[in-house]
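# Reading the structure
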Amino acid sequence: MSVDYAVVIPTVGRDSLRVVLDALEHGVGPPPREIIVVDDRPEPGPLPATHSARVLRTGGRGPAAARNAGWRAACCEWVAFLDDDVVPPRDWKLRLAEDLARLGLDVGASQARIVVPLPPDRAPTDWERGTAGLADARWITADMAYRRAALAHAGGFDERFPRAYREDAELALRVQARGYRIVNGDRVTTHPVREAGFFASLKQQHGNADDALVRRLLGPGWRARIGGAPGRLPWHVATAAAGAVAVLCGLVGWRKAAVAFGGTWAGLTGWFAARRIAPGPRTRDEVARMVVTSVAIPPAACWHRLRGELRHRSVPAVGGPRRRVVLVADALDRLRSRSEPRPVARTTTPAPGSGRWRR
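Residues numbered from 1 in each chain as written. Predicted model: local features only at pLDDT ≥ 70, side-chain atom pairs only at ≥ 80, totals over all residues. Heavy atoms only, no water.

### Regarding the environment of Ile-182
Inspection of the secondary structure assignment puts Ile-182 in strand E7 (residues 181-190). Sequence separation between Ile-182 and Ala-145 is 37 residues; the distance between their C-alpha atoms is 9.7 Å. Filtering out sequence-adjacent residues up to four positions away, Ile-182 remains in contact with Ala-109, Trp-139, Met-144, Tyr-146, Ala-172 and Gln-176. (Helix = DSSP H or I, 4+ residues; strand = E, 2+ residues; numbered from the N terminus. Contact = heavy atoms within 4.5 Å.)

Shown next, in the form of structure tokens:
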């Protein structure tokens, strides 16, 4: 079968890139016309053996910008995006060609089925459960083939998304809005769980800033449109507010109020930690990680969301009430005009013998 496609792999220099390139080099199936590796590190460094792949550099602008650079450099009918930490099977090229060969012109993209292997002998950790969510996520670009024309019509990925978060779902909605369908292919790709540090879940709170951009682009019902689970931001706001008020009351000497708000903060934090600990392995290290990060996540989530709202405040909001922005000088002029005495209007009487009015 003849399928015209290129493969684009954005990378930050992970060693796992070698696995992806080896699968493309030695696997069975129709080869791509071109493999493009986009090195998105701020400072370029050595990469694993790239075989015949072409290497582009984007200087750390984020995965959205890296993917845009990759597909715009390709000239094929299809562009298959792969993450640098997936494990394509040996027959990935064959399965991809079979998925794409039967698609009509109304199909803009074909998504692979993602499998996340979890430990068989214990309950998964919080980080592992989060990674496992990729298996059910819509439109993720861990393994997604887009028709190049669909990318061009939609304008590509929105480069205001600096992380691998929400940028793929937002693009998919724009592609579908232009009349294309996105279908599921039969190919299967494995996404292993990467190693994560103690504060990995805390670092993920940066995504709250991107949620602010998504809300402005898609409107109030954006979570339902991308198939996302209900967010915890309202609970994080309540937890952080209770803690802040408790501290403030303690500083001004309102002991009873400080104890009440402190108890509220402790209850909400404990409930959050317990919900994260219960489904996990409950080892000492995991419990310690969940307790510490459960204390830090609520204020971090609120801070990043506020930062995102301020950063993207100039983006026109979709579906929300329009708000008028009044400059301070204009407001002062209006107040000054209201305080000035107004001239009293004189009454008018009709002129005798005429149908007209006069002052």
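### A few points about the confidence of the model for the chain
Averaged over every residue, the pLDDT of the chain is 89; residues scoring 70 or more account for 88%. The low-confidence segment residues 322-338 (pLDDT under 50) makes 3 contacts with residues lying over four places distant or belonging to another chain. (pLDDT = per-residue confidence, 0-100.)

### A few points about the side chain of Thr-131
Of note, Thr-131 is situated in helix H4 (residues 126-132). Take Thr-131: its relative accessible area is 10%, and that puts it in the buried class. In contact with Thr-131, not counting residues within four places along its chain, are Val-116, His-191, Pro-192 and Val-193. (Buried < 20%, exposed > 50% of the residue type's maximum accessible area, 1.4 Å probe, protein only.)

### A look at the side chain of Gln-205
Looking at the element boundaries, Gln-205 is found in the loop between helix H7 (200-203) and helix H8 (207-218). Look at Gln-205 and you get buried, because its relative accessible area is 13%.

### Remarks on the pattern of salt bridges
As enumerated under the stated definition, the model contains 30 salt bridges in all. The partner of Arg-33 in a salt bridge is Asp-4, with the nearest N and O atoms 2.8 Å apart. Taken together, the residues span a long stretch of sequence, with Arg-33 in the loop between helix H1 (17-26) and strand E2 (34-39) and Asp-4 in the segment before strand E1 (5-11) at a distance of 29 residues. The exposure class assigned to Asp-4 is partly exposed, which follows from its relative accessible area of 26%. (Salt bridge = Lys/Arg side-chain N within 4 Å of Asp/Glu carboxyl O.)

### A few points about a nonpolar patch on the surface
A cluster of nonpolar side chains, namely Val-247, Leu-248, Leu-251, Val-252 and Trp-254, defines an oily patch on the protein surface of about 580 Å² accessible area. Topologically, Leu-248 is positioned in helix H10 (residues 233-252). Judged by relative accessible area, Leu-248 falls into the exposed class, the value being 51%. (Patch = residues over 30% accessible without salt bridge, like charges linked within 9 Å, V, L, I, M, F, W, Y side chains within 5 Å. Areas by Shrake-Rupley, 256 points an atom, 1.4 Å probe, with all protein chains shown as cover.)

### Remarks on the packing of aromatic side chains
One pass over the structure, following the stated rule, counts 4 aromatic pairs. Relative to Tyr-146, the ring of Phe-81 lies with its centre 6.4 Å away and its plane at 70°, an arrangement referred to as edge-to-face. Pair noted here: Phe-81 is in strand E4 (residues 78-82) and Tyr-146 is in strand E6 (residues 143-147), with a separation of 65 residues, a long-range link. Grouping residues by exposure puts Phe-81 and Tyr-146 together as buried. (Phe/Tyr/Trp six-rings, centres within 6.5 Å; stacked < 30°, edge-to-face > 60°.)

### Quick word on helix H6 (residues 167-177)
Most of H6 sits out of view: 9 of its 11 residues are buried. Taken as a whole, H6 has its buried residues at Glu-167, Asp-168, Ala-169, Glu-170, Leu-171, Ala-172, Leu-173, Arg-174 and Val-175. Here the buried face of H6 lies against helix H2 (63-73), E6, helix H5 (148-154), E7, H8 and helix H9 (222-226). Backbone geometry just downstream of H6 places Gly-179 in the positive-phi region, at approximately 100°.

### Re the state of the cysteines
Linking two cysteines covalently through their sulfur atoms gives a disulfide. A complete count under the given rule lists 0 disulfides for this structure. You can see Cys-75 has no disulfide; the closest cysteine sulfur is in Cys-76, sitting 5.2 Å from it. Judged by relative accessible area, which is 54%, Cys-75 ranks as exposed. (Disulfide = S-S within 2.5 Å.)

### Describing unusual backbone geometry
For Trp-139, which is not glycine, the phi torsion reads 65° and is therefore positive. Here Trp-139 is to be found in the loop between H4 and E6.

### Brief notes about the packing of H8 against helix H12 (residues 284-311)
Packing of H8 against H12 leaves a shortest axis separation of 7 Å and a crossing angle of 40°. Relative to H12, H8 is oriented oblique. Our pair here, H8 against H12, has a crossing hand that is right-handed. For the pair formed by H8 and H12, the contact residues are Asn-208, Ala-209, Asp-211, Ala-212, Arg-215 and Arg-216 on the first element and Ala-301, His-304, Arg-305, Arg-307, Gly-308 and Glu-309 on the second. (Axes fitted to C-alpha atoms, helices over the stretch in contact; angles between N-to-C directions. Parallel < 35°, antiparallel > 145°, perpendicular 65-115°, else oblique. Left-handed = near helix turned anticlockwise from the far one by under 90°.)

### Structural notes on the environment of Arg-138
Mapped onto the elements of the fold, Arg-138 is located in the loop between H4 and E6. The spacing of Arg-138 and Ile-226 is 88 residues in sequence and 7.0 Å in space, taken between C-alpha atoms. Among residues more than four places away in sequence, those in contact with Arg-138 are Gln-111, Ala-224, Arg-225, Ile-226 and Gly-227. A polar atom in the side chain of Arg-138 sits 3.3 Å from the backbone oxygen of Arg-225. (Polar contact = N/O pair within 3.5 Å; in protein donor to acceptor, adjacent residues only side chain to side chain.)

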